Amino acid sequence: MRLAYVAALALALAAPLIAQGPMSKPGSNNPAAVTGGTYKADPNHTLVLWTVDHLGFTPYTGIFGSVTGTLTLDPKNPNAAKVDVTIPVSKVTTASAGLTAHLLRAGKDGGKPDFFGPDPADARFVSTSVQASGQKAKITGNLTLNGVTRPVTLDATFYGAGKMPANMGGQENVGFRATGKIKRSDFGVTMGIPLVSDEVALEIAAAFQK
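Quick notes on the rules
Residues numbered from 1 in each chain as written. Predicted model: local features only at pLDDT ≥ 70, side-chain atom pairs only at ≥ 80, totals over all residues. Heavy atoms only, no water. Salt bridge = Lys/Arg side-chain N within 4 Å of Asp/Glu carboxyl O. Helix = DSSP H or I, 4+ residues; strand = E, 2+ residues; numbered from the N terminus. Buried < 20%, exposed > 50% of the residue type's maximum accessible area, 1.4 Å probe, protein only. Pairing = 2+ DSSP bridges. Core = buried A, V, L, I, M, F, W, Y, C linked by side-chain atoms within 4.5 Å. Contact = heavy atoms within 4.5 Å. Polar contact = N/O pair within 3.5 Å; in protein donor to acceptor, adjacent residues only side chain to side chain. pLDDT = per-residue confidence, 0-100. Patch = residues over 30% accessible without salt bridge, like charges linked within 9 Å, V, L, I, M, F, W, Y side chains within 5 Å. Areas by Shrake-Rupley, 256 points an atom, 1.4 Å probe, with all protein chains shown as cover.

1. Comments concerning the pattern of salt bridges
The final tally for this structure, using the stated rule, is five salt bridges. A salt bridge links Arg-124 to Asp-84; the nearest nitrogen and oxygen atoms lie 2.6 Å apart. With Arg-124 in strand β6 (residues 123-133) and Asp-84 in strand β5 (residues 82-87), this pair connects stretches of sequence that are 40 residues apart. You can call Asp-84 partly exposed: its relative accessible area is 24%. A salt bridge links Glu-199 to Lys-181, with the shortest nitrogen-to-oxygen separation between them at 3.8 Å. Here Glu-199, found in strand β10 (residues 199-209), pairs with Lys-181, found in strand β9 (residues 172-183); they are 18 residues apart in sequence, far enough to count as distant. On the basis of relative accessible area, Glu-199 is assigned to the partly exposed category, the value being 42%. By relative accessible area, Lys-181 is classed as exposed at 57%.

Here it is, written out as structure tokens:
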């Protein structure tokens, strides 16, 4: 009896969705869906994944989220696109509570922190040039992290664009994936090198709305 009740309840809850018929995704990987203008970064769906080599045994990945900023683009002139985003280092997260705490821990006896410290400044990436080719682009810009600014180049790929349904806000959306590499020692983060790699691989899911 209980199983029959649960099944009936599940069907009742699903009925409104079934009545709507098949649902299609609002996003499309057709570049023609992109409209020009200035977009704001979607902080809930923009993620910066960083990966280091851990002792030669495994890769280890953490995440920066809550990204803010802007993307200005013109589909007819993609090389004129400009990106300016801010990444709150204080919101870094990993699968290990101990590691996350260590990344944000103060230095011993008032000394330099091992990583970012308890009140790190936001990181910021500001593009200086875009070289687009089809649905891909090389985006070069200045990355400021841990008080140091260095040039960084990202390889970006168009992922999708389109308009959200009215009941989900109705905004125009555009999204990209990007990859790149930095050396953390270039930004003054040297703890554990070479046991934990100096090179950091970046994988970015970038979502923008207007």
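After that view, the rundown keeps rolling.
2. A closer look at the pairing of strand β4 (residues 68-73)
Two strands pair when backbone bridges link them, and strand β1 (residues 37-41) and β4 are joined in this way by four bridges, in the antiparallel orientation. Its bridge partner being in β4, Thr-38 is matched across the sheet by Thr-72. The sheet contact formed by β4 and β5 spans five bridges and is antiparallel. The residue of β5 that forms the bridge with Gly-69 is Val-85.

3. Examining the nonpolar core
Among the nonpolar cores identified, the biggest contains 42 residues, and Trp-50, Phe-64, Phe-116, Leu-145, Val-174, Ile-182 and Phe-208 are the most heavily contacted of them. If we skip the residues at most four places from it in the chain, Ile-182 touches Leu-143, Leu-145, Val-152, Phe-187, Asp-198, Glu-199, Val-200 and Leu-202.

4. Describing the side chain of Ser-197
Its place among the elements puts Ser-197 in the loop between β9 and β10. Only 2.8 Å separates the side chain of Ser-197 from the backbone oxygen of Glu-199, close enough to count as a polar contact. Leaving out residues up to four positions away in the same chain, Ser-197 has contacts with Val-52, Asp-53 and Arg-184.

5. Quick word on the confidence of the model for the protein chain
Averaged over the protein chain, the pLDDT score is 91; the fraction of residues at 70 or greater is 90%. Low pLDDT (under 50) marks residues 1-21, which in the prediction has zero contacts with non-local residues, meaning those over four places away or in another chain.

6. Things to note about a nonpolar patch on the surface
A cluster of nonpolar side chains, namely Leu-55, Phe-57 and Leu-195, defines an oily patch on the protein surface of about 360 Å² accessible area. Checked against the element boundaries, Leu-195 lands in the loop between β9 and β10. Note on Leu-195: relative accessible area 57%, which makes it exposed.

7. Examining the side chain of Asp-198
The topology assignment puts Asp-198 in the loop between β9 and β10. Excluding residues within four positions of it along the chain, Asp-198 makes contact with Ile-182, Lys-183, Arg-184, Ser-185 and Ile-193.

8. Regarding the environment of Asp-155
The topology assignment puts Asp-155 in strand β8 (residues 148-163). Leave out the neighbours within four places in its chain, and Asp-155 touches Ala-137, Lys-138, Arg-177, Ala-178 and Thr-179. Of the polar contacts made by the side chain of Asp-155, one reaches the side chain of Lys-138; its length is 2.5 Å.

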